[in-house]
Amino acid sequence: MIRAERAALVLLAAGRSRRFGAADKLTIPYLGRPLGLHVVVALEAVPFAARIGVVAETALDLTSCGYDVVVNNDPAAGLGRSLRLGVEAAMRSDPDAVVIALADMPRVTATQIYRLLDGADGDAAIMASSDGVVPRPPALFGRAHIPDLLAAQGDMGARDLVRRGHHIVVPPAELVDVDTPEELDRLIRG
């Protein structure tokens, strides 16, 4: 088990959202708040050692939510660049693990994150969320994997690491990732 106080949260909110169109999808209202703030609110009571938000072209205000904000000035370089920037910033808190979450996953829960932390068994831990078929974020990486995260390139991010890790199965509804207006419409319609 890794205590939340010994883990840093990296919230990735710097995607270009090409499939969503011209709108800043993270600021679009969903159930009374911007889409990108749902995960922020869900995790606000988890006592992380640090909260890092990696942003690019969004008006989402993570600073007022207690996040140290890092700007990815080259989001076209892919998810790997955002991951590296976030992990570099997170390492300033000297965490035992880094939890990676995505701002466009509005149904992530604190319980899900605690299950990742509870299942982590030290520096070599990799814990990922899964619907029972496909592993994905949120994911936790123990300290031993920091060099791998810092070497992430392109749009693959930490996908290979996630596949190798232990997976906690959660309800598929908690893993909804909003990439298109149609996906948001389906989510709103329930």
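Residues numbered from 1 in each chain as written. Predicted model: local features only at pLDDT ≥ 70, side-chain atom pairs only at ≥ 80, totals over all residues. Heavy atoms only, no water.

> Break down the overall build of the chain for me, with residues and values.
In terms of helices and strands, the chain carries six helices and nine strands. Over its C-alpha trace the chain gives a radius of gyration of 15 Å, about what one expects of a compact globule, namely 16 Å for 190 residues. By principal-axis analysis of the C-alpha atoms, the chain measures approximately 40 × 35 × 30 Å. Per-residue burial for the chain yields a buried fraction of 50% across its 190 residues. By sequence separation, contacts in the chain at least 24 residues apart represent 71% of the contacts at least 6 residues apart. Split by element, the accessible area of the chain, about 8,700 Å² in all, is 51% carbon and sulfur. (Helix = DSSP H or I, 4+ residues; strand = E, 2+ residues; numbered from the N terminus. Rg over C-alpha atoms; globule rule 2.2 N^0.38 Å. Buried < 20%, exposed > 50% of the residue type's maximum accessible area, 1.4 Å probe, protein only. Contact = heavy atoms within 4.5 Å. Areas by Shrake-Rupley, 256 points an atom, 1.4 Å probe, with all protein chains shown as cover.)

> With reference to specific residues and values, describe the nonpolar core.
Counting residues in each nonpolar core, the largest one holds 60 residues, and the members touching the most others are Leu62, Leu140 and Phe141. Considering each element in turn, this core owes the most residues, seven residues, to strand β1 (residues 7-13). Setting aside chain neighbours within four positions, we find Leu62 in contact with Leu11, Ala13, Leu37, Val40, Gly53, Val55, Tyr67 and Val69. Of all hydrophobic cores here, the second largest spans five residues; its members include Tyr30, Leu35, Val178 and Leu187. (Core = buried A, V, L, I, M, F, W, Y, C linked by side-chain atoms within 4.5 Å.)

> An account of the side chain of Ser82 is needed here, citing residue identities and associated values.
The topology assignment puts Ser82 in helix α2 (residues 79-90). If sequence neighbours within four positions are ignored, Ser82 has contacts with Leu12, Ala14, Val54 and Asn72.

> For the pairing of strand β7 (residues 126-130), give the residues involved together with the corresponding values.
Burial of β7 is extensive: five of the five residues sit out of reach of the surface. Here β7 shows no split at all, with Ile126, Ala128 and Ser130 on one side and Met127 and Ser129 on the other all buried. Examined bridge by bridge, β7 and strand β8 (residues 135-142) share five bridges and lie antiparallel to one another. By the bridge assignment for β8, Ile126 is matched with Phe141. Here β7 folds back onto β8 in antiparallel fashion, the turn holding four residues, of which Gly132 has a positive phi close to 100 degrees. As defined by bridge partners, β7 adjoins strand β9 (residues 166-169) across four bridges and the pair is classed as parallel. (Pairing = 2+ DSSP bridges.)

> Run through helix α3 (residues 110-119), naming residues and quoting values.
The periodicity of an α-helix, 3.6 residues per turn, causes residues three or four positions apart to be oriented the same way. Turning to α3, its buried residues number three or more, namely Gln112, Ile113, Leu116 and Leu117. Seen along its axis, α3 keeps its buried residues to an arc of 140 degrees; they face one direction. (Arc of directions from axis to C-beta.)

> Requested: an account of the pattern of salt bridges, with residues and values cited.
Using the criterion set out here, one finds seven salt bridges in the structure. Salt-bridge contacts for Glu5 lead to Arg3; the nearest nitrogen and oxygen are separated by 3.6 Å. Of the charged contacts, one joins Lys25 and Asp179 as a salt bridge, the two residues approaching to 3.4 Å between their closest N and O atoms. Taken as a pair, Lys25 in the loop between β1 and β2 (29-30) and Asp179 in the loop between β9 and α6 (181-189) lie far apart in primary sequence, 154 residues in all. (Salt bridge = Lys/Arg side-chain N within 4 Å of Asp/Glu carboxyl O.)

> Requested: an account of the sheet that holds β7, with residues and values cited.
If you trace the seven strands from one edge of the open sheet to the other, you get β5-β4-β1-β6-β8-β7-β9, paired in mixed fashion. This sheet does not close on itself; its edge strands, each paired only once, are β5 (68-71) and β9. Strand-to-strand, the axes of this sheet are offset by a mean angle of 25 degrees, without reference to chain direction. Relative to strand β4 (residues 50-55), β1 is paired through six bridges, and the arrangement is parallel. Opposite Leu12, over in β4, you have Val54 as the bridge partner. The sheet contacts of α2 involve β1, β4, β5 and β6 (97-102), and relative to β1 the element is tilted by about 150 degrees. Along the sheet face, α3 touches β1, β6, β7, β8 and β9 and points at about 45 degrees away from the line of β8. (Axes fitted to C-alpha atoms, helices over the stretch in contact; angles between N-to-C directions.)

By themselves, these are just geometric observations and shouldn't be taken as functional.
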